[in-house]
Amino acid sequence: MSVAPIDSSISTPPASAEAKFNAAVDKSKDEMSDEDFTEALITQAVTIGGQFIIMPKAQEMLNEAQSSEDDEE
């Protein structure tokens, strides 16, 4: 199997971890206002609440319904 050689003429300086972090912070400041952040936070809280509260209860109800069907047979 042949492998293509790496072109050493193209050199990009490696970004430091601090530069990446600063770029991420700057990007986050530009994209979302406080109102948008609050709305996203509430939406995620509702989603997590559904996953941890509603879904286990629904699973329990389904299991009870299936077990009662098994008793009828």
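Residues numbered from 1 in each chain as written. Predicted model: local features only at pLDDT ≥ 70, side-chain atom pairs only at ≥ 80, totals over all residues. Heavy atoms only, no water.

Engineer: Describe the overall build of the protein, naming the residues involved and giving the relevant values.
Structural biologist: Counting its regular elements, the protein contains 2 helices and 0 strands. For the protein, the residues scored as buried account for 1% of the 73 residues in total. In the form shown here, the protein has an accessible surface area of approximately 7,100 Å², with 60% of it arising from carbon and sulfur atoms. (Helix = DSSP H or I, 4+ residues; strand = E, 2+ residues; numbered from the N terminus. Buried < 20%, exposed > 50% of the residue type's maximum accessible area, 1.4 Å probe, protein only. Areas by Shrake-Rupley, 256 points an atom, 1.4 Å probe, with all protein chains shown as cover.)

Engineer: Describe a negative patch on the surface, listing the residues and the values that go with them.
Structural biologist: A cluster of acidic side chains, namely D34, E35, D36 and E39, defines a negative patch on the protein surface. Within the secondary structure layout, E35 lies in helix 2 (residues 34-72). (Patch = residues over 30% accessible without salt bridge, like charges linked within 9 Å, V, L, I, M, F, W, Y side chains within 5 Å. Salt bridge = Lys/Arg side-chain N within 4 Å of Asp/Glu carboxyl O. Lys, Arg positive; Asp, Glu negative; His and termini not counted. Charge placed at Lys NZ, Arg CZ, Asp CG, Glu CD.)

Engineer: Describe in detail a nonpolar patch on the surface, supporting the description with residues and values.
Structural biologist: A cluster of nonpolar residues, I48, F52, I53 and I54, forms a patch on the protein surface that exposes about 470 Å² of accessible area. Within the fold, I53 resides in helix 2. Judged by its relative accessible area of 61%, I53 falls in the exposed class.

Engineer: Please set out the pattern of salt bridges residue by residue, giving values where relevant.
Structural biologist: Close approach of charged atoms allows side chains with opposite charge to pair. In this structure the tally under the stated criterion is 1 salt bridge. Salt-bridge contacts for K57 lead to E60; the nearest nitrogen and oxygen are separated by 3.5 Å. Placement of both K57 and E60 in helix 2 is noted, with a separation of 3 residues, approximately one turn of the helix. Taking relative accessible area as the criterion, E60 reaches 39% and is therefore assigned partly exposed.

Engineer: Pulling in residues and values, what's your account of the environment of S16?
Structural biologist: Assignment of secondary structure puts S16 in the segment before helix 1 (17-31). A relative accessible area of 40% places S16 in the partly exposed class. At 3.1 Å, the side chain of S16 and the backbone nitrogen of A19 are in polar contact. (Polar contact = N/O pair within 3.5 Å; in protein donor to acceptor, adjacent residues only side chain to side chain.)

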